[in-house]
Amino acid sequence: MVTTIRELHALARKGPTRTIAVPWPHDEDVLVSLDKAAEAGLVRPLLAGRRATIEQVRERLGLRPLDEEIVECGSEAEAVEVAVRRVAVGEAQMLMKGLVSTSLFLRGILNKDTGLRQKPLLSHVALYQAPAPERLVLFSDVAMNIAPNLAQKVQILENAVWLAHRLGIERPRVAAIAAVETVSTDMPATLDAALLAKMSDRGQIKGCVVDGPLALDNALSAEAARHKGITSPVAGAADVLLLPDIEAGNVLYKFLGLLGQWPLAAILVGARVPVVLTSRADSDQTKFNSIALAAAIS
Ligand code: COD
């Protein structure tokens, strides 16, 4: 079982070098992370963008040219189209968002004719290394699905559980997060969370154990759970946090990013290949971690 981001790097290094298509990689953190990943033998970059700009950024950073292919593109939209197409025809085995808007990038992946859909619902998973004791915790969905209904939450949960299994977490403990740990008709997230827990009890959701509603503190802290008198196999020990919507998830994601203390890797699950999807403001280290995660599960 992978329990730290460092172990994830080691797992990624065991696999073959894969081609990673990156639209509009005109960004220091993107290029530094690709440089590190290429050096580690994880990837061979296929860059869709402006060659002159890529070379300028490289020069500014003192990076040497890599063994890579650059496809000249005149716009972000063209770059997304080229990168997605190269993956679709099998010339690249991973995809990574460059300096393009998340919506534009996601629409390219979702395109019914030319995109990369595989599972019925694609979702984003942020994988954090939590401290004391060190362990991996998956947060979803913090970046793609805006206001998922119950059926979509089941799919988001299943995608996160799929990823947890790939990392060797055999029976992930899933916390369906709300603001409180009791069911309240005024708070729809608590109703969905209670239904997900019951679906898990009845075997409608498999391969994991789900409890909810749980508040963030009692999902992650055994002490907080004890304090509130919650008895649950998930409380205080959650491996997966199912966030109620993109607002809750993304605020948490950005806040943890600003604090910068929990190492992070972030990808999209459900497409034909792993997709590295970090925020533009995420560090080169987070981007490298995310490439390693994508490589580890390829
Ligand atoms: N998985 C599979 N299919 C999907 C998904 C999904 N997650 N989302 C939409 N679809 C399908 C729909 O079923 C439909 O067939 C088609 O795609 C269009 O659906 P719309 O009209 O809801 O989609 P769009 O194109 O308007 O929006 C889809 C986005 C993913 C672009 C949108 O949900 C979005 O902008 N999400 C937030 C992205 C973002 O800004 N994140 C911030 C991160 S920092």
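Computed from a predicted model, the values in this text were never measured in an experiment.

Student: Tell me about the packing of aromatic side chains, and please be specific about residues and values.
Tutor: Going through the model one piece at a time under the given rule, you end up with two aromatic pairs. Consider the rings of Tyr 128 and Trp 262, whose centres lie 6.1 Å apart with planes at 70°: the pair is edge-to-face. With Tyr 128 in strand β5 (residues 123-130) and Trp 262 in the loop between α10 (246-259) and β10 (264-269), the pair connects residues that are 134 residues apart, well separated along the chain. Each residue in the set Tyr 128, Phe 139 and Trp 262 is aromatic and connected to the rest through ring pairs, giving one cluster.

Student: Go over empty space enclosed by the protein, please, and point to the residues and values.
Tutor: One pass over the structure, following the stated rule, counts one cavity of 30 Å³ or more. Taken as a whole, the largest cavity spans an internal volume of roughly 40 Å³. Around the largest cavity, the lining residues are Lys 153, Ala 176, Ile 177, Ala 189, Asp 192, Ala 193, Leu 196, Leu 242, Leu 243 and Pro 244. Where the lining of the largest cavity is concerned, the elements lending two or more residues are β7 (173-177) and α7 (188-201). Ranked by residue count, the leading element in the lining of the largest cavity is α7, at four residues. In terms of residue class, the lining of the largest cavity is built from eight nonpolar, no polar and two charged.

Student: Tell me about the packing of helix α4 (residues 76-88) against helix α5 (residues 102-110), and please be specific about residues and values.
Tutor: Two elements in contact, α4 and α5, have axes separated by 10 Å at closest approach and are oriented at 35°. Taken as a pair, α4 and α5 cross one another with a handedness that is right-handed. Between α4 and α5, the residues in contact are Glu 76, Ala 77, Val 80 and Val 84 and Leu 104, Phe 105, Gly 108 and Ile 109, respectively. When grouped by side-chain class, the residues that make up the contact of α4 with α5 number six nonpolar, one polar and one charged.

Student: Go over the site of the ligand with me, naming the residues and quoting the values.
Tutor: Surrounding the ligand, one finds 17 residues, the nearest of these being Arg 107, Leu 122, Ala 143, Met 144 and Asn 145. For the ligand, an oxygen atom lies 3.2 Å from a polar atom in the side chain of Arg 117. Within the backbone of Leu 122, an N or O atom sits 2.9 Å from a nitrogen atom of the ligand. Taking 870 Å² as the accessible area of the ligand by itself, protein coverage stands at 64%. Of all the secondary structure elements, the ones that give two or more residues to the shell around the ligand are α5 and α10. When residues in the shell around the ligand are grouped by element, the largest group, five residues, is from α5. Classifying every residue of the shell around the ligand gives nine nonpolar, four polar and four charged.

Student: Which residues make up the nonpolar core, and what are the values?
Tutor: Core analysis: the largest hydrophobic core is formed by 56 residues, its most contacted members being Leu 8, Ile 20, Leu 157, Leu 163, Leu 196, Ile 291 and Leu 293. The residues touching Leu 8, leaving out its near neighbours within four places in the chain, are Val 2, Leu 127, Leu 167, Ala 265, Asn 289, Leu 293 and Ala 296. Core analysis: the next-biggest nonpolar cluster, separate from the first, contains 26 residues, Cys 73, Val 80, Phe 105 and Val 275 among them.

Student: Just give me the short version of the pattern of salt bridges, but keep the residues and values in it.
Tutor: For the coordinates displayed, the defined rule picks out 13 salt bridges. Arg 58 is the partner of Glu 68 in a salt bridge, and the nearest nitrogen-oxygen pair spans 2.8 Å. Of this pair, Glu 68 sits in the loop between α3 (51-61) and β3 (69-72) while Arg 58 is found in helix α3, placing the two residues ten residues apart along the sequence. Judged on exposure class, the residue Glu 68 and its partner Arg 58 are both buried. Through salt bridges that share partners, Glu 69, Arg 86 and Glu 91 make up one connected network.

Procedures and definitions
- Residues numbered from 1 in each chain as written.
- Predicted model: local features only at pLDDT ≥ 70, side-chain atom pairs only at ≥ 80, totals over all residues.
- Heavy atoms only, no water.
- Phe/Tyr/Trp six-rings, centres within 6.5 Å; stacked < 30°, edge-to-face > 60°.
- Helix = DSSP H or I, 4+ residues; strand = E, 2+ residues; numbered from the N terminus.
- 1 Å grid on protein atoms, 1.4 Å probe; cavity = no way out; pocket = protein on both sides within 12 Å on 5 of 7 lines; lining within 4 Å.
- Points joined across faces, edges and corners; volume = space filled by probe spheres on them.
- Nonpolar A, V, L, I, M, F, W, Y, C, P; charged D, E, K, R; others polar.
- Axes fitted to C-alpha atoms, helices over the stretch in contact; angles between N-to-C directions.
- Left-handed = near helix turned anticlockwise from the far one by under 90°.
- Contact = heavy atoms within 4.5 Å.
- Near = heavy atom within 4 Å.
- Polar contact = N/O pair within 3.5 Å; in protein donor to acceptor, adjacent residues only side chain to side chain.
- Areas by Shrake-Rupley, 256 points an atom, 1.4 Å probe, with all protein chains shown as cover.
- Core = buried A, V, L, I, M, F, W, Y, C linked by side-chain atoms within 4.5 Å.
- Buried < 20%, exposed > 50% of the residue type's maximum accessible area, 1.4 Å probe, protein only.
- Salt bridge = Lys/Arg side-chain N within 4 Å of Asp/Glu carboxyl O.

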